[in-house]
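Now for the letters of each chain:
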Amino acid sequence: MSDFLSAGWSAYIALVTLVGIFWCIWLLFSQLKVKVKLKPDGDVADTGHVWDDDLRELNNPLPRWWMWMFLISCIFALVYLVLYPGLGSYPGILGYSTDGALMSSMTTANDELKPVYAKYVKMDIEQVAADPKAREMGQRLFLNSCAQCHGSDAGGGKGFPNLTDGDWLYGGSPENIKASITNGRGGVMPQFPQLDSNQIIDVANYVRSLSGLPVDNQKAARGATVFQANCVACHGPDAKGNIVIGAPNLTDKTWLYGSSEATIVETVTKGRMAMMPAQDKVLSPEKIQLLTAYVWGLSNNKQPAAAK
Amino acid sequence: MTDIPPGGKPVSIEVIEESLYEVRRKIYPRSVSGLFARWRFILVFATQLLFYGLPWLSWNDRQAVLFDLVQRKFYIFGLVLWPQDVIYLTLLLILSALALFLFTAVAGRLFCGYACPQTVYTEIFMWIERKVEGDRFARIRLDGEEWPWGFHKWRLKITKHFLWLLIAFWTGFTFIGYFTPIETLGLSLLHFSLGPWQTFWLCFYSFATWGNAGFMREQVCKYMCPYARFQSVMVDKDTFLVTYDKVRGEPRGSRSKSTDHASLGLGDCVDCSICVQVCPTGIDIRDGLQYMCIGCGACIDACNQVMEKVNYPKGLIRYTTERAIEDKKSNQSAIRHILRPRVLIYTAFITVLASAFLFSLATRNPLRVDVMRDRGALAREVEGVRIENIYRIQIMNASEHPMKVRVKAVGLEDLMILNSQGKEIQDIEVAPASNQLMPIKVSTTIGTNESGNYPIHFDVTAQEIVGDKEVIRTRDEKSTFIIPR
């Protein structure tokens, strides 16, 4: 089936529209009068059309204003087609489009909201986080834009970081959080095809041992060597991770994909690809400011980092 | 159209051209007094007192009847309805339709003749017209060709339209006052600071009132109104209708008062045409039942006055049924036919539905709860011992009092609810006529249940604080708890 993108279709649609309107006007004026028969045997005049032997068509005239309404509708249609898009691809004098209307109403809404946000833009993140009104707005923004992945309670899920536990892949300072929201993050754990399956099981046991999980000590000891050879570049010799590239700390109890041996084996064998999409095209800087404060406040109200 | 000579002599078939559109013939109804005119006056007065007066009443420091479209709250005295309560509107419309069926089955177009806004405003406008321009013949003469446009005619027309527009404007203003607080609306009107939409609707409704009641009048009933048409088909042989008693009236004709009309072979109709002159839709009731008849009874009042003058019994035109006229029965026998299956069925429906409506309204629960399970994540493990699902719970307080709400999850062993900060949830305070959305964590111990989907429900209990009393409201909302493999 051909598409309707060629200019010929536009002309065709415009033609059908215009012919339709002028045909309606012609029809109105060509049918102003009706021929009526005066029957000699009765007092009823009819048009002479008879159905089913005795069903006769009479003339019960419509009011004259009805005719004017019809004509006005036709004229309205023509005026509309000049002003608004409708005749094929002709855009209309007013240049209206639904897309443009959406854009302008969004601009209006943003302008209306500017004064609401203005006060928070000037504040520090810590101050914004302490403001109950800002927290409320932040929560609504979070539920709209972030909760799909991070959960309504910001508690995360498998592959989606928990934002409430004070543990940060890319750093938990207000600046770091803002950068994560604005530009997004891409976390890559590479595959390790050079390791055989036994080595991978060994390193998984070693990694588990770092967080104090029960392991096979022999395997863990072998794994330590594998770790030093393959993993320290990102996770560091002490396995505490690196917030610059988002390499997780392997010594804490936070597990993005799971802590079981099988899961860790899967992670090392196949690698992981995590993606936080950039929000700078979606959210205005004012909204990002409020979101940063909300997310920062989620873990800093409890100060779990200090308690650790 | 040419007339056919009476006698009915066969003439050759003549074909002529007729217009499919006719110019409206202006109707100049003559003023009328009597029982039905009085009833109409009472109903016009009552409906307008209600319509113009209602928005000025207040209740609990707010407008008693206000349909706040922006906030989506509909205040009717002590009741605050939310968009979720649209079922009541549906029920109300069904009840109104059933009532229309019932009234139409019993006595025809009662609504049209006495309570329809079109009739009511036409009636008010005609009253003004009569006061300014005079009765039927004065008005015909004023509009006639012999009366040129001079100072006198201009003065009358301008006065009439000024008064009409005044009423139309007040009607438009009152109507807007049901949707935006009427007192602030009045103030902003005085300061010329109405919003663009308020201005538009004010002009729109004023213009509609002026046009419909001043000019369109019976044209609305004849050509636009769907109720008129379907009421017309809902009458049957036992429906009381404004009827001309053909048996008694025909053959009609004028006669001198002294002669005995029976000996002249004439019926009771003196052919004075008063019934046609008073008709607001300009029909002749003696032609039988017509779809244009709005059942106002003006012709009954007029004819009765004439009958009284010529010393004939009243009721040549009267409310009666087709069957009573055909069988030459009295109205008493027709009244016995009122209780027919149709009427009883409508009545039964209305009674049941109205009771259900009132009962449901009286016991309406102002606490509403919605629970939405997070769709992004199935479930998560917490510290290796509990399995957690996330929900958003929306608690709506549709009352005008504050509520303290408690939420409990039931359906699995050891279900625990925490707020998004991981703390236990205390009483949730929900302000009057507001709602609160909060994310909650629900968890159970790992290992007590196999993996799968479990139906759970949230028992929500609210204490509505009414003055110093507390009313307990409860809701039960279903959801699902997922334990992953």
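Residues numbered from 1 in each chain as written. Chains lettered and ligands numbered in written order. Predicted model: local features only at pLDDT ≥ 70, side-chain atom pairs only at ≥ 80, totals over all residues. Heavy atoms only, no water.

S.K.: Explain the overall build of chain A residue by residue, including any values.
M.R.: Summing up its helical and strand segments, chain A has 13 helices and 6 strands in all. Against the compact-globule benchmark of 19 Å for 308 residues, chain A has a radius of gyration of 36 Å, which places it well outside the compact range. Each principal axis of the C-alpha distribution contributes one length, and for chain A these read about 120 × 50 × 40 Å. Relative to its 308 residues, chain A shows a buried fraction of 33%. Restricting the contact set of chain A to residue pairs at least 6 apart, pairs at least 24 apart contribute 56%. Of note, chain A has its 26 positive side-chain charges centred 4 Å away from the centre of its 28 negative side-chain charges. (Helix = DSSP H or I, 4+ residues; strand = E, 2+ residues; numbered from the N terminus. Rg over C-alpha atoms; globule rule 2.2 N^0.38 Å. Buried < 20%, exposed > 50% of the residue type's maximum accessible area, 1.4 Å probe, protein only. Contact = heavy atoms within 4.5 Å. Lys, Arg positive; Asp, Glu negative; His and termini not counted. Charge placed at Lys NZ, Arg CZ, Asp CG, Glu CD.)

S.K.: Got a sec to walk through helix α16 (residues 341-362) of chain B? Specific residues and values, please.
M.R.: Residues and elements named next belong to chain B. With 22 residues, α16 ought to run about 32 Å at 1.5 Å a step, and its terminal C-alpha atoms sit 31 Å apart, in line with that. When we look at burial in α16, the residues that qualify are Val 343, Tyr 346, Ile 350, Phe 357 and Leu 361. Down the axis of α16, the sector holding all buried residues measures 70°, keeping them to one side. Facing away from the buried surface of α16 by more than 90 degrees, the exposed residues are Pro 341, Val 352 and Phe 359. Looking at the buried residues of α16, the elements they touch are β7 (79-81) and α2 (86-107). (Expected span 1.5 Å × (residues − 1). Arc of directions from axis to C-beta.)

S.K.: Outline the sheet that holds strand β15 (residues 428-430) of chain B, supporting the account with residue identities and numerical values.
M.R.: Backbone hydrogen bonds hold the strands of a sheet together, and the pairing may be parallel or antiparallel. Residues and elements named next belong to chain B. In spatial order, the strands read β15-β13-β17-β18; together these 4 strands make up an open sheet with antiparallel pairing. Edge strands, defined here as strands with exactly one partner in the open sheet, are β15 and β18 (469-483). Averaged over all pairs of adjacent strands, the angle between their axes in this sheet comes to 25°, without regard to strand direction. Sheet topology places strand β13 (residues 403-410) next to strand β17 (residues 452-466); 8 bridges connect them, and they run antiparallel. Across the sheet, residue Met 403 finds its bridge partner in β17, namely Glu 464. (Pairing = 2+ DSSP bridges. Axes fitted to C-alpha atoms, helices over the stretch in contact; angles between N-to-C directions.)

S.K.: How would you explain a nonpolar patch on the surface if you had to name every residue and give the values?
M.R.: Residues and elements named next belong to chain B. Together, Leu 35, Trp 39, Phe 41, Ile 42, Phe 45 and Leu 49 make up a nonpolar patch on the protein surface, roughly 690 Å² of accessible area in all. In this structure, Phe 41 sits in helix α1 (residues 35-53). We classify Phe 41 as exposed; its relative accessible area is 59%. (Patch = residues over 30% accessible without salt bridge, like charges linked within 9 Å, V, L, I, M, F, W, Y side chains within 5 Å. Areas by Shrake-Rupley, 256 points an atom, 1.4 Å probe, with all protein chains shown as cover. Salt bridge = Lys/Arg side-chain N within 4 Å of Asp/Glu carboxyl O.)

S.K.: Tell me about the packing of α2 of chain B against α16 of chain B, and name the residues and values.
M.R.: Residues and elements named next belong to chain B. In the contact formed by α2 and α16, the axes pass within 9 Å of each other and the chain directions differ by 155°. By the criterion of interaxial angle, the relationship of α2 to α16 is roughly antiparallel. Crossing of α2 against α16: the hand is left-handed. Only Arg 342, Val 343, Tyr 346, Thr 347, Phe 349, Ile 350, Leu 353, Ala 354, Phe 357, Ser 360 and Leu 361 of α16 make contact with α2, whose side of the interface consists of Tyr 88, Leu 91, Leu 92, Ile 94, Leu 95, Leu 98, Ala 99, Phe 101, Leu 102, Ala 105 and Val 106. Within the contact of α2 with α16, the residues separate by chemical class into 19 nonpolar, 2 polar and 1 charged. (Parallel < 35°, antiparallel > 145°, perpendicular 65-115°, else oblique. Left-handed = near helix turned anticlockwise from the far one by under 90°. Nonpolar A, V, L, I, M, F, W, Y, C, P; charged D, E, K, R; others polar.)

S.K.: Let's hear about unusual backbone geometry: which residues, and what values?
M.R.: Between Glu 250 of chain B and the following residue, Pro 251 of chain B, the backbone shows a cis peptide bond with an omega angle of -10°. Structurally, Pro 251 of chain B can be placed in the loop between α11 (246-249) and α12 (274-277). Of note in this structure, Asp 52 of chain A is not a glycine but carries a positive phi near 50°. Tracing the sequence through the fold places Asp 52 of chain A in the loop between β2 (45-51) and β3 (55-58). The exposure class assigned to Asp 52 of chain A is exposed, which follows from its relative accessible area of 65%. Even without being a glycine, Phe 77 of chain B presents a positive backbone phi close to 50°.

S.K.: I'd like a description of the packing of aromatic side chains, backed by residues and values.
M.R.: Here the structure, examined in full by the defined rule, presents 37 aromatic pairs over all chains. Between Tyr 84 of chain A and Tyr 96 of chain A, the ring centres sit 5.7 Å apart and the planes meet at 75°, which makes this aromatic pair edge-to-face. Pair noted here: Tyr 84 of chain A is in the loop between α2 (64-83) and α3 (98-122) and Tyr 96 of chain A is in the loop between α2 and α3, with a separation of 12 residues, a long-range link. Plain terms: the ring middles of Trp 149 of chain B and Trp 154 of chain B are 4.8 Å apart, the flat faces sit at 50° to each other, and that makes the pair tilted. Classification of Trp 154 of chain B by relative accessible area gives partly exposed; the value is 46%. Aromatic ring contacts, followed pair by pair, group Phe 51, Tyr 52, Phe 67, Phe 74, Phe 175, Tyr 178, Phe 179, Trp 197, Phe 200, Trp 201, Phe 204 and Tyr 205 of chain B into a single cluster. Between Arg 272 of chain A and the ring centre of Tyr 257 of chain A, over which it is positioned, the NZ or CZ distance is 4.3 Å. (Phe/Tyr/Trp six-rings, centres within 6.5 Å; stacked < 30°, edge-to-face > 60°. Lys NZ or Arg CZ within 6 Å of the ring centre and 35° of its normal.)

S.K.: Pulling in residues and values, what's your account of the environment of Pro 83 of chain B?
M.R.: Residue and element names in this part refer to chain B. Examined against the element boundaries, Pro 83 turns out to sit in the loop between β7 and α2. Relative accessible area serves as the criterion here: at 40%, Pro 83 is assigned to the partly exposed category. Separated by 53 residues in the primary sequence, Pro 83 and Arg 136 have C-alpha atoms spaced 49 Å apart. Ignoring any residue separated from it by four or fewer positions in sequence, one finds Pro 83 in contact with Arg 72 and Phe 74.

S.K.: Please provide a residue-by-residue account of the environment of Lys 35 of chain A, values included.
M.R.: Looking at the secondary structure, you find Lys 35 of chain A in strand β1 (residues 33-38). You can call Lys 35 of chain A exposed: its relative accessible area is 55%. With sequence-adjacent residues up to four places away left out, Lys 35 of chain A is seen in contact with Asp 46 and Thr 47 of chain A together with Val 15, Ile 16 and Glu 17 of chain B.

S.K.: I'd love a proper account of the nonpolar core, names of residues and values included.
M.R.: All names here are of chain B. Formed by 33 residues in total, the largest nonpolar core has its most connected members in Val 242, Ile 285, Cys 299, Ile 317 and Tyr 319. Within the residue set of this core, elements represented by two or more residues are α3 (110-114), β8 (241-244), α12, α13 (298-309) and β9 (317-320). For this core, the leading source of residues is α13, giving 7 residues. Beyond its immediate sequence surroundings of up to four residues, Tyr 319 is in contact with Phe 36, Ala 107, Leu 110, Tyr 114, Phe 240, Leu 241, Val 242, Gly 295, Ile 300 and Asn 331. (Core = buried A, V, L, I, M, F, W, Y, C linked by side-chain atoms within 4.5 Å.)

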